[in-house]
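# Breakdown of the fold
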Amino acid sequence: RYRTLFENAIEGIFRISVTGEFLDVNPAAARIFGFSTPSEFIQEIKNLRTQLFLNSAKLDEVLSLLSSQSTLENYKMELRRKDNKKVWVNVKAQGIRDSEGNILYYEGSIEDITEQRFLEEQLREAQKMESIGTLAGGIAHDFNNILGIILGYVTLMRRSDFSREKIQ
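Everything quoted here is computed from the prediction, not taken from an experiment.

What counts as what
- Residues numbered from 1 in each chain as written.
- Predicted model: local features only at pLDDT ≥ 70, side-chain atom pairs only at ≥ 80, totals over all residues.
- Heavy atoms only, no water.
- Helix = DSSP H or I, 4+ residues; strand = E, 2+ residues; numbered from the N terminus.
- Rg over C-alpha atoms; globule rule 2.2 N^0.38 Å.
- Buried < 20%, exposed > 50% of the residue type's maximum accessible area, 1.4 Å probe, protein only.
- Contact = heavy atoms within 4.5 Å.
- Lys, Arg positive; Asp, Glu negative; His and termini not counted.
- Charge placed at Lys NZ, Arg CZ, Asp CG, Glu CD.
- pLDDT = per-residue confidence, 0-100.
- Pairing = 2+ DSSP bridges.
- Axes fitted to C-alpha atoms, helices over the stretch in contact; angles between N-to-C directions.
- Core = buried A, V, L, I, M, F, W, Y, C linked by side-chain atoms within 4.5 Å.

## Focus: the overall build of the protein chain
- What the protein chain contains, in helices and strands, is seven helices and five strands.
- Ordering the α and β elements of the protein chain from the N terminus gives α-β-β-α-α-α-α-β-β-β-α-α.
- Compactness check: the protein chain gives a C-alpha radius of gyration of 30 Å against a globular reference of 15 Å for 168 residues, more than 25% above the reference.
- Considering only C-alpha atoms, the protein chain reaches an extent of 100 × 35 × 30 Å along its principal axes.
- Taken across its 168 residues, the protein chain has 27% of its residues classed as buried.
- Sequence-distant contacts in the protein chain: of pairs separated by 6 or more residues, those separated by 24 or more amount to 41%.
- Averaging the coordinates of the 22 positive side-chain charges in the protein chain and doing the same for the 24 negative ones gives two points 5 Å apart.

This is how it looks when you write it as structure tokens:
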């Protein structure tokens, strides 16, 4: 019953040793990283630091957080897929400890949020463009006001029969 739940889960589920080797992953976790099967994923990923993490300092940060806290929730980071494309993920994990408090392994879930991050970036860009448009509109309005004043003075000068000779 639990194996079916594990195999059919939509989110990726994983178990990792303290040395950084994957002990178990479900099909969804394998798919997130571009692998056909969980066994292919486990066989090919032997070093988290170099194969999945774009920045090894990020792994140190995650491990530090897991050792100091009991859980890690909604931790967003960018990782690398099998084809070297980047994937944004939301990780929820915890360290499983023995009776003495030593971490035996880590387990958790991972969700692919790449499309969500892409849409958020598009929204930020649209907001920037909207701000620039508002600023340009304000500048154009101010310029139009100044231009109106200048045109008003030109009209007054024409009506009062000013000529170049009279001014000099």
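Additional details are given in the paragraphs that follow.
## Description of the confidence of the model for the protein chain
- Overall, the predicted model of the protein chain reaches an average pLDDT of 88, with 95% of residues at or above 70.
- Taken element by element, the protein chain is modelled with least confidence in helix 7 (residues 164-167), mean pLDDT 54, and with most confidence in helix 2 (residues 27-32), mean pLDDT 96.

## Some words on the sheet that holds strand 2 (residues 22-25)
- Pairing is antiparallel in the open sheet, where five strands are placed in the order 2-1-5-4-3. Single-partner strands in this sheet number two, and they are strand 2 and strand 3 (71-80). Taking the axes of each pair of neighbouring strands and ignoring which way they run, one obtains an average angle of 30° across the sheet.
- Of the pairings in the sheet, the one linking strand 1 (residues 12-17) to strand 5 (residues 103-112) comprises six bridges and is antiparallel in character. Looking at the pairing, G12 lines up with I110 of strand 5.
- Of the strands in this sheet, strand 3, strand 4 (86-97) and strand 5 touch helix 5 (residues 56-68), which is tilted by about 170° from strand 3.
- Contacting strand 3, strand 4 and strand 5, helix 6 (residues 114-159) crosses the sheet at an angle of about 130° to strand 4.

## Observations regarding the nonpolar core
- Among the nonpolar cores identified, the biggest contains 28 residues, and F22, F33 and F41 are the most heavily contacted of them.
- Secondary structure elements with two or more residues in this core: strand 1, strand 2, helix 2, helix 5, strand 3, strand 4 and strand 5.
- Beyond its immediate sequence surroundings of up to four residues, F33 is in contact with F41, L52, L79, R80, R81, K82, V87 and I110.

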